[in-house]
Amino acid sequence: MKTTGRRVPCVLVVLAWFSLLPDADSQEFKLQMEDGTLSRPIELREGAEVVLGTNRAFITHVKTTRDQTLDAMQGILIPSVDFRSADIRDVVAFLQKASVDGDRNHRGVRFRLDLCEEGGVDESAAAGAVTRGKGEDIPTVTFAARWVSLYSALQIVARVTRLRYRIQGDTVILAPLDVPDGEILRRIYPVQTFFLERVADLQEAGSGRKQEGEEGLKQFFSDFGVVWPRGTSLRYESALGALVVANTSENLQVLERVLWDLKVRTCQVEMEVSFVAFDFSRLSESVAKGVDGKGLMELWRQGHGELLAAPRLLTKSGVEASLRGATECIYPTEFSVCATATNPHAAVVASGVEPCGFETRETGAILTALPELSVDGNQIDVTISAQLVEDPVWQELVHSFTEEGHTNQTRISQPYFHVYSACTSVSVADGERVLISGGMPSRDGKRVVYAFLMARRTGIRGELMQTRNSGTAD
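Everything quoted here is computed from the prediction, not taken from an experiment.

Chemist: Give me the lowdown on the pairing of strand β25 (residues 447–458), citing residues and values where you can.
Modeler: Within β25, 10 of the 12 residues are buried, leaving the element largely enclosed by the surrounding structure. Strand direction decides the pairing type here: strand β15 (residues 268–279) and β25, joined by 12 bridges, are antiparallel. Bridge assignment links Glu270 to a residue of β25, and that residue is Arg456. Alignment of strand β24 (residues 432–441) against β25, held across 7 bridges, turns out to be antiparallel. Looking across to β25, one finds that Ser437 is bridged to Ala451.

Below is the structure:
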């Protein structure tokens, strides 16, 4: 064989003897080697890594039992179908038999008919194939076709009988539209105070009329794809400010997406005010170049700013909250002159000053904020008051007082507090950090302090509702 200088890529094929311990629909499995040893649990998903000795492989082309059942139905052809007002139970039995006849392995597809909650298993049919309903009208089927796939036949049967089908593993289940396809779960969804008004506006804009009550709310969410099977419910509790919902897991997921798209779910807002000190000389150079809020944050990121404090507060949208990470400093503000005598008959020989009134001042970080989420959910309006009070510096003051015609003096210690504060109302994009106050000189005059506000939405459990690249110094 003639070879050339071109390099040919080499493909490494890794072979191993193993068996899947759980069924194919499991989310996790293990590998069993020839010697009986088991691998660590492996997640059954596209791209999951599998380590075999010194080799690495990746799971791909994952197919669950449901996928295999769907492929099988699409590949099975029925030579002839001719139903004339046929009982749906007979139709399901026909599809069951046709799936076995059309399968080269003669396994077929399992069918189950569930017409009502009080159905019983039809022992005359294939095991597990049919669950008959009692006490309800039995649908009939009329249609004819030649060389139609089992899957197409199933779709036609479901359409003409107004039944819903779902593929669960290796079983196809046919049931009325109002029969739930899973366990009914109950959830509570806090929503904004304007929720009902928002729904009414959207109803009026769409259909031109408002529908009130539980049925109106159900119809509203039905238009967005939420199905309300038998036994489900939906109501708005004004006392809780929340929707109380009972539905299947699948429909609850659709409902949650709709609430998220409507921007009406109550969320919490996390706010952080950062007091950052910059060296005056370096800041002067930057200001001469036209530095702004983003420029200051870039200086901070580069390590040219010192974080003095960063109080953080979490509260619901529309609810004011406060944080105090402070120490109380108590100091006198009023004084009285007192006299001291050696005995009851002696003249006053000494006098002094005693404190008789006190005040308290907190030192440290103090933060009060009221966030309000905009209707579209992308902007947060914040009314905020933030203070950073440094520890006091005590200085002695000379106090003069007159007693019986004599002027006396005494020394009184008084605290001086240096305060950095920001009190404002601003609009902040979700996850953004903005400059809200600045140019505050430090006590020694060598540094300048600026205050930055960051606000972002979080869910009820504290997870971030949205992630943005805000260009912060975190």
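Chemist: Give a detailed account of the sheet that holds strand β13 (residues 233–237), specifying residues and quantitative values.
Modeler: Spatial strand order, β12-β14-β13: 3 strands in an open sheet with antiparallel pairing. Edge positions in the sheet fall to β12 (184–190) and β13, since each of these pairs with one other strand and no more. Each strand of the sheet is rotated relative to its neighbour by a mean of 15°, with strand direction disregarded. Alignment of β12 against strand β14 (residues 242–248), held across 7 bridges, turns out to be antiparallel.

Chemist: Just give me the short version of the packing of aromatic side chains, but keep the residues and values in it.
Modeler: Counted according to the given criterion, the structure contains 9 aromatic pairs. Relative to Phe143, the ring of Phe83 lies with its centre 5.6 Å away and its plane at 65°, an arrangement referred to as edge-to-face. Highlighted residues: Phe83 in strand β5 (residues 77–87) and Phe143 in strand β9 (residues 140–149), separated in sequence by 60 residues. Per residue, the accessibility class of Phe83 equals that of Phe143, and both read buried. Chaining the aromatic ring pairs together yields one cluster made of Phe83, Phe94 and Phe143. Its end group placed over the ring of Phe417, Arg361 keeps NZ or CZ at 5.4 Å from the ring centre.

Chemist: Can you tell me about the nonpolar core, naming the residues and giving the values?
Modeler: Judged by nonpolar contacts, the single largest core of 29 residues is most densely connected at Met73, Ile78, Ile88, Val91, Phe111 and Leu150. Elements with a contribution of two residues or more to this core: α1 (65–75), β5, α2 (88–101), β6 (110–113), β9, α3 (150–161), β10 (163–168) and β11 (171–176). Of the residues forming this core, the biggest block, 6 residues, is contributed by α3. If you look at the next biggest cluster of nonpolar residues, it comprises 27 residues, including Ala277, Leu373, Met440 and Val449.

Chemist: If you had to explain the environment of Val426 to someone new, which residues and values would you point to?
Modeler: Along the chain, Val426 turns up in strand β23 (residues 419–429). Val426 gets classed as partly exposed once you look at its relative accessible area, which sits at 21%. Between the C-alpha atoms of Val426 and Val382, which are 44 residues apart in sequence, the distance is 5.5 Å. Excluding its chain neighbours within four sequence positions, the residues that come into contact with Val426 are Ile380, Asp381, Val382, Ile436 and Leu453.

Chemist: Quick rundown of the environment of Ala175? Include the residues and the values.
Modeler: Along the polypeptide, Ala175 turns up in strand β11. Along the sequence, Ala175 and Leu115 sit 60 residues apart, while their C-alpha atoms lie 5.4 Å from each other. Each residue touching Ala175, except ones within four places of it in the same chain, is listed here: Asp114, Leu163 and Arg164.

Chemist: How would you sum up the confidence of the model for the protein? Please name residues and give values.
Modeler: Summary statistics for the protein give a mean pLDDT of 78 and a share of 78% for residues scoring 70 or more. In the predicted structure, residues 1–26 sits below a pLDDT of 50 and forms 27 contacts with residues beyond four places in sequence or in another chain. Under a pLDDT of 50 for its full length, residues 117–135 has, in the predicted model, 37 contacts with residues more than four places off or in other chains.

Chemist: Please provide a residue-by-residue account of the pattern of salt bridges, values included.
Modeler: One pass over the structure, following the stated rule, counts 15 salt bridges. Of the charged contacts, one joins Arg84 and Asp82 as a salt bridge, the two residues approaching to 3.0 Å between their closest N and O atoms. Owing to a relative accessible area of 63%, Arg84 belongs among the exposed residues under this scheme. Residue classification places Asp82 among the partly exposed positions, given a relative accessible area of 47%. Arg89 is the salt-bridge partner of Asp87, the closest N and O atoms lying 2.9 Å from each other. According to the relative accessible area criterion, Arg89 is partly exposed, its value standing at 22%. Sharing partners across several salt bridges, the network here consists of Glu270, Glu272, Arg312, Arg433 and Arg456.

Chemist: Break down the environment of Asn251 for me, with residues and values.
Modeler: By the element assignment, Asn251 lies in helix α6 (residues 249–262). Sequence separation of Asn251 and Trp228 is 23 residues, and the distance between their C-alpha atoms is 7.9 Å. The contact partners of Asn251, leaving out residues within four places of it in the chain, are Val226, Val227 and Pro229. Here Asn247 takes part through its side chain, which lies 3.1 Å from a polar atom of the side chain of Asn251.

Chemist: Break down unusual backbone geometry for me, citing the residues and quoting the values.
Modeler: Phi at Ser85 is positive, roughly 50°, even though this residue is not glycine. Tracing the backbone through its elements, the reader meets Ser85 in strand β5. The phi angle at Trp147 is positive, at roughly 50°, despite the residue not being glycine. Judged by relative accessible area, which is 54%, Trp147 ranks as exposed.

Chemist: How would you explain the side chain of Asn247 if you had to name every residue and give the values?
Modeler: Tracing the backbone shows Asn247 in strand β14. By relative accessible area, Asn247 is classed as buried at 0%. In terms of polar contacts, Asn247 uses its side chain to reach the backbone carbonyl oxygen of Val227, at 3.0 Å. Apart from residues lying up to four places away in sequence, Asn247 is in contact with Glu183, Ile184, Leu185, Val226, Val227, Trp228, Pro229, Thr232 and Leu252.

The rules behind the values
- Residues numbered from 1 in each chain as written.
- Predicted model: local features only at pLDDT ≥ 70, side-chain atom pairs only at ≥ 80, totals over all residues.
- Heavy atoms only, no water.
- Buried < 20%, exposed > 50% of the residue type's maximum accessible area, 1.4 Å probe, protein only.
- Helix = DSSP H or I, 4+ residues; strand = E, 2+ residues; numbered from the N terminus.
- Pairing = 2+ DSSP bridges.
- Axes fitted to C-alpha atoms, helices over the stretch in contact; angles between N-to-C directions.
- Phe/Tyr/Trp six-rings, centres within 6.5 Å; stacked < 30°, edge-to-face > 60°.
- Lys NZ or Arg CZ within 6 Å of the ring centre and 35° of its normal.
- Core = buried A, V, L, I, M, F, W, Y, C linked by side-chain atoms within 4.5 Å.
- Contact = heavy atoms within 4.5 Å.
- pLDDT = per-residue confidence, 0-100.
- Salt bridge = Lys/Arg side-chain N within 4 Å of Asp/Glu carboxyl O.
- Polar contact = N/O pair within 3.5 Å; in protein donor to acceptor, adjacent residues only side chain to side chain.

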